[in-house]
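The residues making up each chain are set out below.
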Amino acid sequence: RGKQRVCDPEESREVDRVAARVVVTGTGVISSLGDSPDALHTALVAGQSGIQPIEQVGADRLDPVQGGPICEFSPENYLEEQHLKPPISPMPRVAQFSVAALQRTLEAANVPVEMRREQAIGLVLGTMFCSVGAIAQFDRMDRKKPLEFANTVINAAAGKAAICHQLTGVNSTISTGLTSGLHAMAYAAGLIRSGQATALLAGGAEELSFESLYGFSQAGLACPADDKQNSFPIPFDARRNGFAPGEGAAFLMLEEAESARARGVTALAEVRGQGNLYDTSGGQDPKSAVEVMAGAMRMALEDAGMDASAIDCVSAAANGSVRHDRWEAQAIAATIGSRVPVIAIKSMLGETQGAGGALQAVSLIESLRTGTLPGHVGWEQPEEDFPLEAISQQHRDLDLRCGLINAIGFDGHCSSLILSLPDEE
């Protein structure tokens, strides 16, 4: 929000440029708890959970796994018929999620097709795997079909979504594991702040597949769902033993504030600051991990020009990981304080991977707008010497104006982003 150093090509000297303000003018979601921000927020506040034993995507070939699948998604409700059937290659599930959530976002932000034809609106999409199921299917084909190859690349969802919605601006895919969705938002906000774009859609999408579930299970990251082992994918709870893989999509319409005001749309929130760091221990060393998590939060505060006391709540990345939940709690306490209200919506949605940070952002905006913070479902037993004091099983009505979001990967990626209600002007 301060000044940026840019080069003046005419005078070949450095000049000061005030960074543009970035506001959110619309949001859209596809999740296991609803396909609108209001439905998602209502479900989270009510303490509903989308986590259940997974019975699809070849799960019968795996040990039982808990997850957050979207069981009632019908692409026909969102996509035109030509995008669903050959001769064009069928759209993979993650792209279907993306197109559907983007449609809701564009509608909420009042961006009709005519505006998209006149203005180069871009898309920055975060995803961990995109469609690893399509990749595996293509590899198993005896006779490869050229059109099917388009579904195997990491930017397949972003490309197909841009075609469907006639998005002619920048088209980028961010793939940094569990932090992909929040990194996509930070990257898009940076482009707008620097004057390289005026309006961008940003967020994340992920699908559940046999291949991703198998990988999480083999790595010992997914929470079991059989009768022989206790199943606790509950963030921060002392009994936690892994996360519940989920799926979904969430996007936000980010715009330069003056441009949004000029076209007469109301800002829902403002992107105030961001911080992104990497733990070179790969998320293995406790001291390094805590320092990097705390460093990303401090970087976001510095970027926003804020003191930690300005943060009214934290949307934690915690997902049930035995190590990383504990380290994140320590980092939050050291940076923001032990008494800040903390929510962990992955207790109800599961770990939606590349969509996680964006879903947290949509949820946080709804909390800021309504003044109601969801509870922490299933959290009953804090660890010994647990550093956070303000976690509640029940939803709370609070005076909220500004919140911080964390996205943390088990591979070392750490991202923090600050959202606030828009300034009253």
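This one's a predicted model, so the numbers in the text were calculated from it and none came from an experiment.

Before we go on, may I ask you to explain the overall build of the chain in this structure?
Regarding its fold elements, the chain presents 13 helices and 16 strands. What you see for the chain is a C-alpha radius of gyration of 21 Å, in line with the 22 Å of a compact globule of 425 residues. Projected onto the principal axes, the alpha-carbon positions of the chain cover approximately 70 × 60 × 40 Å. Residue burial in the chain is summarised as follows: out of 425 residues, 59% are buried. Sequence-distant contacts in the chain: of pairs separated by 6 or more residues, those separated by 24 or more amount to 76%. In the form shown here, the chain has an accessible surface area of approximately 17,400 Å², with 48% of it arising from carbon and sulfur atoms. Within the chain, the 53 negative side-chain charges are centred at a point lying 3 Å from the centre of the 33 positive side-chain charges.

Explain the pairing of strand S8 (residues 199–206) to me, please; I cannot follow it from the model alone.
On a regular strand, one side chain projects to one face of the sheet and the next to the other, so that they alternate. The buried count for S8 comes to eight of eight residues, which makes it a mostly enclosed element. In S8, alternate side chains face the same way, and those of Ala199, Leu201, Gly203 and Ala205 on one face and Leu200, Ala202, Gly204 and Glu206 on the other are all buried. The sheet contact formed by strand S6 (residues 122–126) and S8 spans five bridges and is parallel. Pairing of Leu125 across the sheet is with Gly203, part of S8.

Explain the confidence of the model for the chain to me, please; I cannot follow it from the model alone.
Close inspection of predicted coordinates is inappropriate in any region flagged by low pLDDT. Of the residues in the chain, 92% reach a pLDDT of 70 or more, and the chain-wide mean stands at 91. Across residues 1–7, where pLDDT falls below 50, the model places 27 contacts with residues more than four positions away in sequence or in other chains. Scored below 50 in pLDDT, residues 11–15 makes nine contacts in the model with residues more than four places away or belonging to other chains.

Teacher, can you tell me more about unusual backbone geometry here?
Backbone geometry follows two general trends: most residues other than glycine have a negative phi, and most peptide bonds adopt the trans configuration. A positive phi angle, near 55°, is found at Cys130, a position not held by glycine. Mapping Cys130 onto the fold places it in the loop between S6 and helix H4 (132–140). Of note in this structure, Phe236 is not a glycine but carries a positive phi near 70°. Here Phe236 lies in the loop between helix H8 (210–218) and strand S9 (248–256). For Phe236, a relative accessible area of 1% translates into the label buried.

Help me understand empty space enclosed by the protein in this model?
Empty space left among the atoms is revealed by rolling a probe the size of a water molecule over them. Applying the stated criterion across every chain yields a total of one cavity of 30 Å³ or more. Taken as a whole, the largest cavity spans an internal volume of roughly 30 Å³. For the largest cavity, the full set of lining residues is Asp279, Gly283, Ala289, Met293, His324, Ile408, Gly409, Gly412, His413 and Cys414. Classifying every residue of the lining of the largest cavity gives four nonpolar, five polar and one charged.

How should I be thinking about the side chain of Thr27 in this particular structure?
Mapped onto the elements, Thr27 comes out in strand S3 (residues 22–30). The exposure class assigned to Thr27 is buried, which follows from its relative accessible area of 6%. Leaving out residues up to four positions away in the same chain, Thr27 has contacts with Pro37, Arg104, Thr105, Ala108, Phe251, Leu252, Leu268, Val362 and Ile365.

Sorry, what's going on with the side chain of His324 here?
If you trace the backbone, His324 turns up in helix H11 (residues 322–335). Overall, the relative accessible area of 9% leaves His324 in the buried class.

Explain helix H7 (residues 180–193) here, please?
In an α-helix, one turn spans 3.6 residues, which is why side chains three or four residues apart end up on the same side. In this model, H7 (14 residues) spans 20 Å end to end at C-alpha, consistent with the 20 Å of a helix rising 1.5 Å per residue. Every buried residue belonging to H7 is among Ser180, Gly181, Leu182, His183, Ala184, Met185, Ala186, Ala188, Ala189, Leu191, Ile192 and Arg193, and all of these are buried.

I would appreciate a short explanation of the state of the cysteines in the present structure.
Each disulfide is one covalent bond, formed between the sulfur atoms of two cysteines. Per the counting criterion, the structure on display carries zero disulfides. No disulfide involves Cys223; its sulfur sits 17 Å from that of Cys71, the nearest cysteine. In this model Cys414 remains outside any disulfide bridge; the closest cysteine sulfur is found in Cys313, 20 Å from its own. Cys414 gets classed as buried once you look at its relative accessible area, which sits at 4%.

What is the right way to look at the pattern of salt bridges in this model?
Side chains that differ in sign of charge can pair as their charged atoms come close. In this structure the tally under the stated criterion is 16 salt bridges. In this structure, Arg140 engages Glu211 in a salt bridge whose closest nitrogen and oxygen atoms are separated by 3.6 Å. Residue Arg140 is found in helix H4, and its partner Glu211 is found in helix H8; the two are separated by 71 residues along the sequence. Through salt bridges with shared partners, a single ionic network connects Arg240, Asp325, Arg326 and Glu383.

Got a minute to help me understand the nonpolar core in this structure?
Among soluble globular proteins, nonpolar side chains are generally buried collectively. Counting 45 residues, the largest nonpolar core has Leu252, Leu254, Val271 and Leu419 as its most contacted members. By size, the runner-up hydrophobic cluster in this structure holds 36 residues, among which are Ala296, Ile336, Leu388 and Leu404.

It is not clear to me how helix H1 (residues 37–45) should be interpreted in this structure. Could you clarify?
By the burial criterion, the buried members of H1 are Pro37, Leu40, His41, Ala43, Leu44 and Val45. Elements in contact with the buried residues of H1: S3, helix H12 (346–349), helix H13 (356–370) and strand S13 (372–373). Phi for Gly47, located one or two positions after H1, is positive at around 80°.

What's the story with the sheet that holds strand S16 (residues 413–420) in this structure? I'm lost.
Neighbouring strands of a sheet are bound in pairs by backbone hydrogen bonds; such pairs are parallel or else antiparallel. The strand order S7-S6-S8-S9-S3-S10-S16-S15-S11-S12 describes an open sheet built from ten strands, whose pairing is mixed. Here the strands that pair on one side only, and so sit at the sheet edges, are strand S7 (171–174) and strand S12 (342–343). Two strands pair when backbone bridges link them, and strand S15 (residues 402–408) and S16 are joined in this way by seven bridges, in the antiparallel orientation. Pairing of Cys402 across the sheet is with Ser420, part of S16. Together, S6 and S7 form the strand contacts of helix H6 (residues 156–165), whose direction differs from that of S7 by roughly 150°.

Parameters at a glance
Residues numbered from 1 in each chain as written. Predicted model: local features only at pLDDT ≥ 70, side-chain atom pairs only at ≥ 80, totals over all residues. Heavy atoms only, no water. Helix = DSSP H or I, 4+ residues; strand = E, 2+ residues; numbered from the N terminus. Rg over C-alpha atoms; globule rule 2.2 N^0.38 Å. Buried < 20%, exposed > 50% of the residue type's maximum accessible area, 1.4 Å probe, protein only. Contact = heavy atoms within 4.5 Å. Areas by Shrake-Rupley, 256 points an atom, 1.4 Å probe, with all protein chains shown as cover. Lys, Arg positive; Asp, Glu negative; His and termini not counted. Charge placed at Lys NZ, Arg CZ, Asp CG, Glu CD. Pairing = 2+ DSSP bridges. pLDDT = per-residue confidence, 0-100. 1 Å grid on protein atoms, 1.4 Å probe; cavity = no way out; pocket = protein on both sides within 12 Å on 5 of 7 lines; lining within 4 Å. Points joined across faces, edges and corners; volume = space filled by probe spheres on them. Nonpolar A, V, L, I, M, F, W, Y, C, P; charged D, E, K, R; others polar. Expected span 1.5 Å × (residues − 1). Disulfide = S-S within 2.5 Å. Salt bridge = Lys/Arg side-chain N within 4 Å of Asp/Glu carboxyl O. Core = buried A, V, L, I, M, F, W, Y, C linked by side-chain atoms within 4.5 Å. Axes fitted to C-alpha atoms, helices over the stretch in contact; angles between N-to-C directions.

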